[in-house]
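Geometric and topological summary
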Amino acid sequence: MYNNQTTPGILFSELLSRGRPDAAAWVVGNIDNPRLSGLVKFYRTDYGGVLIEAEIFGLPNIQTEGSSDFYALHIHEYGDCSGSFQNTGSHYNPDKAPHPDHAGDLLPLLGSQGYAWSAFYDKRFTLDEIIGKSVVIHSGRDDFSTQPAGDSGTKIGCGEIRRTL
């Protein structure tokens, strides 16, 4: 029991289960990953940050039974997911910080036999700042040190962040 106190985690759980996201990105795979798809949702919070929920299907390790692999997840500057996602620009980085301190550096996805689900809170950007940008999934894990983008491999999934309300 929480002594009748509501924690951010309790409020976040309620928001995820009953709330409607304020923005979302429908992510699709590139030509080499046509089964990759999913939804990344963005919720305003009373704490000034953004609650992010990602559910992704068809990650590359789907054929390997019992496998787990990490995939980098980033917000990129532009929402142009055409072609092989070459027009998404760099990581969203309004403060010109070194990697991994870009506002667009998100927690990695842990793909378990092709499926990943994640939810986390981030206060480095507002919802209004990321509308029209893209969510990009990379083929590898982010090493959190290599400049400028963590040596995370090719862009295998992309979705433009759009308002839902």
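In the block above lies the structure referred to throughout.
In short, a report on the structure.

For the coordinates displayed, the defined rule picks out five salt bridges. A salt bridge links Arg163 to Asp128, with the shortest nitrogen-to-oxygen separation between them at 3.0 Å. Taken together, the residues Arg163 in strand β10 (residues 162–163) and Asp128 in helix α2 (residues 127–130) connect sequence positions 35 residues apart. A residue is classified by how much of its surface remains accessible, and Arg163, at 44% relative accessible area, is partly exposed. The residue Arg162 makes a salt bridge to Glu160 at a minimum N-O spacing of 3.2 Å. Through salt bridges with shared partners, a single network forms among Arg44, Asp128 and Arg163.

When you line up the elements, Asp142 lands in the loop between β8 (134–138) and β9 (155–160). Look at Asp142: it is buried, it has no salt bridge, and the nearest opposite charge is Arg124 at 9.3 Å. There is a polar contact of 2.8 Å between the side chain of Asp142 and the side chain of His74. Separated by 2.8 Å, the side chains of Asp142 and His99 make a polar contact. Ignoring any residue separated from it by four or fewer positions in sequence, one finds Asp142 in contact with Ala72, His74, His99, Ala149, Gly150 and Ser152.

Cut-offs used in this document
- Residues numbered from 1 in each chain as written.
- Predicted model: local features only at pLDDT ≥ 70, side-chain atom pairs only at ≥ 80, totals over all residues.
- Heavy atoms only, no water.
- Salt bridge = Lys/Arg side-chain N within 4 Å of Asp/Glu carboxyl O.
- Helix = DSSP H or I, 4+ residues; strand = E, 2+ residues; numbered from the N terminus.
- Buried < 20%, exposed > 50% of the residue type's maximum accessible area, 1.4 Å probe, protein only.
- Lys, Arg positive; Asp, Glu negative; His and termini not counted.
- Polar contact = N/O pair within 3.5 Å; in protein donor to acceptor, adjacent residues only side chain to side chain.
- Contact = heavy atoms within 4.5 Å.

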